[in-house]
Amino acid sequence: MRRSLFGRTWPNVIAVVLFVFFIFPVYWMVATSFKQDRDIISKTPVFLPLDGTLDHFTTAVDAPNFWTYVANSVTATVGAVLLSLVIATLASFAIARMKFRGRKAFVLVVMIAQMAPWEVMTIAVYMISRDNGMLNSLVPLTFFYMMMVLPFTIWTLRGFIAAVPKELEESAMVDGCTRTQAFVKVIFPLLAPGLMSTSLFGFITAWNEFPLVLILNKEEGKTLPLWLSSFKTAFGNDWGATMAASTMFAIPVLILFIFLQRKAVGGLTDGAVKG
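Residues numbered from 1 in each chain as written. Predicted model: local features only at pLDDT ≥ 70, side-chain atom pairs only at ≥ 80, totals over all residues. Heavy atoms only, no water.

**Here's the deal with the packing of helix H7 (residues 138-163) against helix H10 (residues 192-207)**
Where we set the bar: Here, axes are lines fitted to C-alpha atoms. For helices the fit covers the stretch in contact, and angles between N-to-C directions go from 0 to 180 degrees. Only DSSP runs of H or I with at least four residues qualify as helices, and only runs of E with at least two residues qualify as strands; both kinds are numbered from the N terminus onward. Geometric relationships in this document are graded by angle, where less than 35 degrees denotes roughly parallel, more than 145 denotes roughly antiparallel, 65 to 115 denotes roughly perpendicular, and other angles denote oblique. Take the far helix as the reference: if the near one is turned anticlockwise from it by less than a right angle, the crossing is left-handed, and if turned clockwise, right-handed. Whether two residues are in contact is decided by their heavy atoms: any pair within 4.5 Å suffices. Nonpolar residues are Ala, Val, Leu, Ile, Met, Phe, Trp, Tyr, Cys and Pro. Charged residues are Asp, Glu, Lys and Arg, and all others, Gly as well, are polar.
Running from N to C, H7 and H10 point in directions that differ by 160°, and their axes come no closer than 9 Å. In terms of orientation, H7 lies roughly antiparallel with respect to H10. Considering the relative orientation of H7 and H10, their crossing is right-handed. Mapping the contact onto sequence places Tyr-145, Met-148, Val-149, Phe-152, Thr-153, Thr-156, Leu-157 and Phe-160 in H7 and Pro-193, Gly-194, Leu-195, Ser-197, Thr-198, Phe-201, Gly-202, Thr-205 and Ala-206 in H10. Grouping the amino acids of the contact of H7 with H10 by side-chain chemistry returns ten nonpolar, seven polar and no charged.

**Some words on the packing of helix H4 (residues 66-97) against H7**
Taken N-terminus to C-terminus, the directions of H4 and H7 make an angle of 35°; their axes are 6 Å apart at the nearest point. The element H4 and its partner H7 pack so that their crossing is right-handed. Of the residues in the contact of H4 with H7, the class split is 21 nonpolar, eight polar and two charged.

**A short note on the packing of aromatic side chains**
Condition: A pair of aromatic rings is counted whenever rings of Phe, Tyr or Trp (Trp by its six-membered ring) have centres within 6.5 Å, and the orientation is called stacked for planes under 30 degrees apart, edge-to-face for over 60 and tilted otherwise. Burial status follows relative accessibility: with a 1.4 Å probe on protein chains alone, a residue under 20% of its type maximum counts as buried, one over 50% as exposed, and anything between as partly exposed. Any Lys NZ or Arg CZ found within 6 Å of a ring centre and within 35 degrees of that ring's normal is scored as a charge over the ring.
Under the defined criterion, the tally for this structure stands at 13 aromatic pairs. Taken together, a centroid distance of 5.3 Å and an interplanar angle of 85° make the contact between Phe-21 and Phe-22 edge-to-face. Of the two residues, Phe-21 and Phe-22, neither departs from the other in class, the shared state being exposed. Through a chain of ring-to-ring contacts, the aromatic side chains of Phe-24, Tyr-27, Trp-28 and Phe-47 assemble into a single cluster. Directly above the ring of Trp-28 sits Lys-35, whose terminal nitrogen or CZ lies 3.6 Å from the centroid.

**Section: unusual backbone geometry**
A positive phi angle, near 65°, is found at Asn-65, a position not held by glycine. The residue Asn-65 is located in the loop between helix H3 (55-61) and H4 in this model. Given a relative accessible area of 29%, Asn-65 falls into the partly exposed group. One non-glycine residue with positive phi stands out, namely Asn-136, at about 60°. For Asn-136, a relative accessible area of 38% puts it in the partly exposed group.

**Thoughts on the environment of Thr-53**
What counts is decided by this rule: Each polar contact in these results corresponds to two N or O atoms within 3.5 Å; when the atoms are within protein, one needs to be able to donate a hydrogen and the other to accept it, and residues that are neighboring in sequence are counted only if both atoms are side-chain atoms.
Among the secondary structure elements, Thr-53 is positioned in the loop between helix H2 (37-40) and H3. Given the relative accessible area of 11%, Thr-53 is considered buried. If sequence neighbours within four positions are ignored, Thr-53 has contacts with Ser-33, Phe-34, Lys-35 and Gln-36. A polar atom in the side chain of Thr-53 sits 3.1 Å from the backbone nitrogen of Asp-55.

**Overview of the nonpolar core**
Note that soluble globular proteins tend to have their nonpolar side chains buried in a common cluster. The test is simple: Nine residue types can take part in a nonpolar core, namely buried Ala, Val, Leu, Ile, Met, Phe, Trp, Tyr and Cys, and a core is a set of them joined through side-chain atoms within 4.5 Å.
Residues Tyr-145, Leu-224 and Trp-227 are the most contacted members of the largest nonpolar core, which totals 49 residues. In terms of residue count, the dominant contributor to this core is H4 (twelve residues).

**Structural notes on the environment of Leu-226**
As for its position among the elements, Leu-226 is in helix H12 (residues 224-227). Expressed as a C-alpha distance, the spacing of Leu-226 and Val-213, which sit 13 residues apart in the sequence, is 7.4 Å. Non-local contacts of Leu-226, meaning those with residues more than four positions away in its chain, are made with Phe-210, Val-213, Leu-214 and Asn-217.

Quick look at the structure:
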């Protein structure tokens, strides 16, 4: 009886410890964004800001070009996600349904691209952007973000398409649909979980990207990750404003995750094991 009770208890204890370990930095970030300056620099940790303030959020929002950076981040991230979904949907359908020479090699290239560190391409991307007069532009940034998330998107959607019985597609074609119509009417609606999970992954990846935008874009071309490093005063870092900005920066991802979490978790699992 004791062994059985212990066997049920220790996984829960480990789960609670891991939860506290991972959630505490997030809590400290949010709590610090509401603290008074004296509590932030106090040697005695203040875990609960009872006399909180919104001044740090005001400082962050009133920072120069804040809304420009918001627009840049949204444009580059959403553009990259949409482009990757369109290209990956067509590519994954070809891999899952069509037989062509080099199909296995293409799948292998997709896997290698997924494992490759994208930081090694920053110099090449910078030189291409410079030579074509596209520095400080969102165009190369959007396409590079798209390339970052495209391999994962192709691989995941391939699993979903392969899991759809071919008989459904063939039945639609027998009823008079073309192959394109069969894909749009039969297969595409069944890809919703995969599209949501890959959209979430792509959004987080592009939204948090820092090194490339640091190299390519300056001033008005910056995005929010670069903007987060700008809160400095004559006395050092303004930690209150930095934490407030970081909290606001995390809100869009949190909202998207809450909205998509049920289908996204299932989508990641199904797309990874089927096909």
